Each structure stands twice: as C-alpha cells, then as structure tokens.
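Fold and contact review
Spelled out from the first residue to the last, the chains are:
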Amino acid sequence: MGTSRRKIEHLDICVTEKVESHGNGFNDVELIHRCLPEIDKADVSTETRFLGHLFNSPIMIASMTGGHPETTLVNANLAKAAEALGIGIGVGSQRAALEDPAQEDSYRVVRDVAPKAFIYGNIGAPQILHYELEKIERAVEMIDADALAIHLNFLQEAIQPEGDLDAKGCLEKIAEVASGLSVPVIVKETGAGISHLDAYALRKAGASALDIGGRGGTSWAGVEVYRARMEQDRMGEHLGRKFWDWGIPTAVSIIEADVGLPIIATGGIRDGVTVAKSIALGASLAGIALPLVSAARDSPEKVQEVLEVYIEELRATMFLTGAQSIEALRRAPAVITGHTREYLEARGFKWASFAQR
C-alpha cells in the first residue's frame, strides 16, 4: 500500500500546508487594454477545441489524485464539475491501480460521473520504462480516456527516499507508447517546466500535446519537505527546501515549449486573467489544480463555483482586450517586462518573435 498511502499523504499536505513555489512569471505579463473593444460582451465566446474535442472554456482540471479509497469522492466531485461546465479533467497517476486493481474505482469514477467530458489518464515516465504497452493501455481502458498523460516528475523523484531515479531511455519509451497507444499522448511536467530543447525532442517522439507544468504552482519538492519531516528524513527535508523553487517559470515555459504542439499552461494559474495571459502567450488551455483541492473535498458545487469565477474573469479580460473568441485572444498583444523578459532574451527568444501572434 506504499503508493496508495503516498496519494492520501500528498492530498492532505496540499490542503493543510503552504506548498506553492514562487515566480510563475505572469506578473511580468500585461495584456493591452482596449478602451474601444468594439464588441458586445454578451457575444464573447470561450469555446475552443483541444485534440479534436470541444471545450466550453479553455480550462483543464489538472491531474490531482486517485489511488486511495478516500480520493474517490474527490475525483467524483471534480469530474461532476467538469461535466457540468463542459471542460476537461485529468486523473492523478494511475500507478496505484496498475499495482493494485482494488484502487481502480477511485479513477473509474471520473468517467462514471462525466460520460461526455474530455478525460486523460496519467502514468509516470519512470513507470512506463517497466511496463509493456498492453499494461499502459489498461490505464486508458480503466477510465475510457480520451488521451494519456505521461508525467515527468524527476524533481520530486530526486527528493523522495523511494524515488525512481533512472531516467535513461524515457524519450525512446515515450516514442514507443505514442506510436502504439490507442489515444493521443500528452507529455506533462509537474512543476519544473519544459524547455525548448525538450519540447522539440518530445514533438519528434510523437507527443500530441505538452502540459508544461511550470514553476509557480504546487512545488512537489515542497510537498516532499512535509513528508520527509513526518518520516524524520533530514536529507529529504533539506533537498526539498533547496529545490523548492527549482524550474522554469510557467510564463517562460509556454514560450519555450512552443514547437507547434498544443500547450496546456499549468503552474500557478490562480485566476481567469492568468488563463487569458497564458493563451495570449501561446497556450491552448490552462490547467488548474491546487485552488480546487479544498473545494473538491466538499462538493461538486463548490468546485464549480471556483471555476465559474475563473471563467467569468476570463470573459471580462477577453472583452477588455477586444477578443470575442479564444482565437482572437491568441492574437492579443502582450507586453513582457522584468525578469521574465530578461530570462527569455537570455535564452535567445527575442520580443519581436512573439509580440504579435
């Protein structure tokens, strides 16, 4: 039950402790106000398409949990909200259920209560190295998934005393899965961002989309600090603190990872304005996790309330930038200043290359 126990520990820590990293980069991004937007706010549409599926809003409930009996209700509440709002949802790592079929219900409930929603499955890159394609396909079948996320969490693995630290061969295995799986593959970072070099390699490997999971949201190194403290693991606690803010800021990673694949911007998306900024920088969707955890332990209505605020903030931002559609928002000019601009220019991304989309 080691994997299953970690699932509930992670969820509890995210609810009770401060686990966010610092510096997502969005404070350096400004959208240009249109004093004459020349559109009717009532006509603003947040509809968009992702991997061929229609979303009522460009929002994904990002992977959170599953794999423990106490997570079943959480996933059910999240999925009911996704179904009601016409958005997407991902489940947490399905490793626990692949190791112990008794845990499958905590994932399967997502499809049971959200029959029409876009749902993606989830498995870690370290695990796929040891799984045959048939076993990976079980993760898809378990929830009738529309896609499978392969998550990259080597920062967290480096902190965990039980971490999987052999990263050799992951890219080759991702390519094998992408070419043989029955659904598209999303490659997902979990808090440290995706660089241009890695994004390009993942595109060549056959990934259908990237979830850049940048710095500025939940720090899984930070989460491991609290687990290490519970276990009196001094080295784990030290490493978690040292690497708490490690990684590429989310705003930077959106631009770095733009290699022609759809991008999900995850990592510090805390309001609808930031959703809009993400799309203006090049993302297709924005992923939200931590702000929904407490609500998901309460009810689907609480989750829906949080997300409806995001959506209304997004619609207001679109109106004030003169963007009647998500496609128009992608072309909205943005000003990037401060550390984020310095970071991008130091990496060779000149302002002229992304100032006007």
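So, here's what we can say about the structure. Bear in mind that the values here come from a model prediction, so they are computed numbers and not experimental data.

1. A short note on the sheet that holds strand S8 (residues 185-189)
In spatial order, the strands read S4-S5-S6-S7-S8-S9-S10-S11; together these eight strands close into a barrel with parallel pairing. On average, each strand axis in the sheet is inclined to that of its neighbour by 25°, with strand direction left out of account. Two elements, strand S4 (residues 59-61) and strand S11 (residues 285-288), share three bridges in a ladder whose sense is parallel. Residue pairing for S11: Ile 61 is matched across the bridge by Ile 288. The strands touched by helix H15 (residues 300-320) within the sheet are S4 and S11, with S4 carrying the most contacts at an inclination of about 160°.

2. As for the pairing of strand S10 (residues 263-266)
The alternating pattern of S10 places Ile 263 and Ala 265 and Ile 264 and Thr 266 on opposite faces, both of which are buried. Sheet analysis places strand S9 (residues 209-211) next to S10, joined by two bridges and oriented parallel. Across the sheet, Leu 210 pairs through a bridge with Ile 263, a residue of S10. Here S10 pairs with S11 via three bridges, running parallel. Note on S11: the bridge partner recorded for Ala 265 is Ala 286. Tracing the backbone out of S10, into helix H13 (residues 272-281) and back to the parallel element S11 gives a crossover that is right-handed.

3. Looking at the pattern of salt bridges
Applying the stated rule across the entire model yields 20 salt bridges. Across the pair Glu 176 and Lys 173 runs a salt bridge, and its minimum N-O distance is 3.4 Å. Linking Glu 176 with Lys 173, this pair stays in helix H8 (residues 170-180), spanning three residues, or about one helical turn. Glu 256 serves as the salt-bridge partner of Arg 347, at 2.6 Å between the closest nitrogen and oxygen. Residue Arg 347 is found in the segment after helix H17 (338-346), and its partner Glu 256 is found in helix H12 (residues 250-256); the two are separated by 91 residues along the sequence. Of the residues examined, Arg 347 reaches a relative accessible area of 42% and is grouped as partly exposed. With a relative accessible area of 1%, Glu 256 lands in the buried category. Linked through salt bridges whose partners overlap, the residues forming this network are Glu 104, Asp 105, Arg 108 and Arg 138.

Parameters at a glance
- Residues numbered from 1 in each chain as written.
- Predicted model: local features only at pLDDT ≥ 70, side-chain atom pairs only at ≥ 80, totals over all residues.
- Heavy atoms only, no water.
- Pairing = 2+ DSSP bridges.
- Helix = DSSP H or I, 4+ residues; strand = E, 2+ residues; numbered from the N terminus.
- Axes fitted to C-alpha atoms, helices over the stretch in contact; angles between N-to-C directions.
- Contact = heavy atoms within 4.5 Å.
- Buried < 20%, exposed > 50% of the residue type's maximum accessible area, 1.4 Å probe, protein only.
- Right-handed = clockwise from strand over helix to strand, strands pointing away.
- Salt bridge = Lys/Arg side-chain N within 4 Å of Asp/Glu carboxyl O.

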